[in-house]
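Report on the structure
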Amino acid sequence: MGADLEKVLITEEEIHARLDELAAEIWAEYDGKDLLLVGVLKGAVMVMADLSRALPGTAPVDWMAVSSYGSGTKSSGVVRILKDLDTDITGKHVLIVEDIVDSGLTLSWIKSNLESRSPASVEICTLLRKPEAAKVEIDVKWVGFDIPNEFVVGYGLDYAEKFRNLREVGTLAPHVYA
Ligand SMILES: O=P(O)(O)OC[C@H]1O[C@H](OP(=O)(O)OP(=O)(O)O)[C@H](O)[C@@H]1O
Ligand code: HPA
Ligand SMILES: [Mg+2]
């Protein structure tokens, strides 16, 4: 599987060090508040697992599943809810936890969808962001790493459902696409 990578952009150690920093900042913001962590399946599973465990206190976790990419490498811009939250978020401080903000279309749709449910606040934490790929303006409060506009896999991110279980984030070698 490692041989399928062209280059490693972010190592496992760099990811964990950055998530530890973000967890401390996030806890400073939400300590004492009614916080709900919302993960976006499936990509955010690894980020949620490590970020939530790096928090110095406890908070409930819920999940949404939406589809925008299908099996390809380009966002269709069409977002569908495949699984909604189990939680009523009225009055809660919602923190959306994501693996990547690419075009921003998915997150901007999810954020306004959640904002329509009368929460106390909705913010976003993402491990990765591609500033050059942005198609909509979206306010992301916590960003792990800004990365170049290249398709990446690993640490939850897939290509055709594969490579989510890589420990690092990297780009794929051309032979994988062939
Ligand atoms: O900013 P955007 O261009 O909208 O892209 C970002 C979204 O695309 C990916 O999800 P995908 O739809 O591939 O589902 P997955 O998490 O199951 O891989 C990723 O996990 C984000 O949710
Ligand atoms: O670069 C990416 N890789 C994998 N999945 C994605 N979903 C949006 N951008 C990406
Ligand atoms: Mg995907």
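Conventions and cut-offs
Residues numbered from 1 in each chain as written. Chains lettered and ligands numbered in written order. Predicted model: local features only at pLDDT ≥ 70, side-chain atom pairs only at ≥ 80, totals over all residues. Heavy atoms only, no water. Helix = DSSP H or I, 4+ residues; strand = E, 2+ residues; numbered from the N terminus. Contact = heavy atoms within 4.5 Å. Expected span 1.5 Å × (residues − 1). Buried < 20%, exposed > 50% of the residue type's maximum accessible area, 1.4 Å probe, protein only. Pairing = 2+ DSSP bridges. Axes fitted to C-alpha atoms, helices over the stretch in contact; angles between N-to-C directions.

**What about the environment of A120?**
Within the secondary structure, A120 sits in the loop between α3 (105–115) and β6 (121–129). Other than its neighbours up to four places away in sequence, A120 contacts G91, K92 and H93.

**Quick word on helix α1 (residues 12–30)**
End to end, α1 covers 27 Å across 19 residues, agreeing with the expected 27 Å (1.5 Å per residue, within 8%). If you check which residues of α1 are buried, you get I15, R18, L19, L22, A23, I26, W27 and Y30. Once α1 finishes, G32 follows within two positions and takes phi at roughly 90°, a positive value.

**Brief notes about the sheet that holds strand β2 (residues 35–41)**
If you walk across this open sheet you meet the 6 strands as β4-β3-β2-β5-β6-β7, and the pairing is mixed. Single-partner strands in this sheet number two, and they are β4 (80–83) and β7 (142–146). Averaged over all adjacent pairs, the angle separating strand axes in this sheet is 30°, with direction ignored. When β2 meets strand β3 (residues 61–67), the two strands line up parallel, connected through 5 bridges. For G39, the partnering residue across the bridge sits in β3 and is W63. Contacts from α1 reach β2, β5 (93–101), β6 and β7, with the element oriented near 160° to β7.

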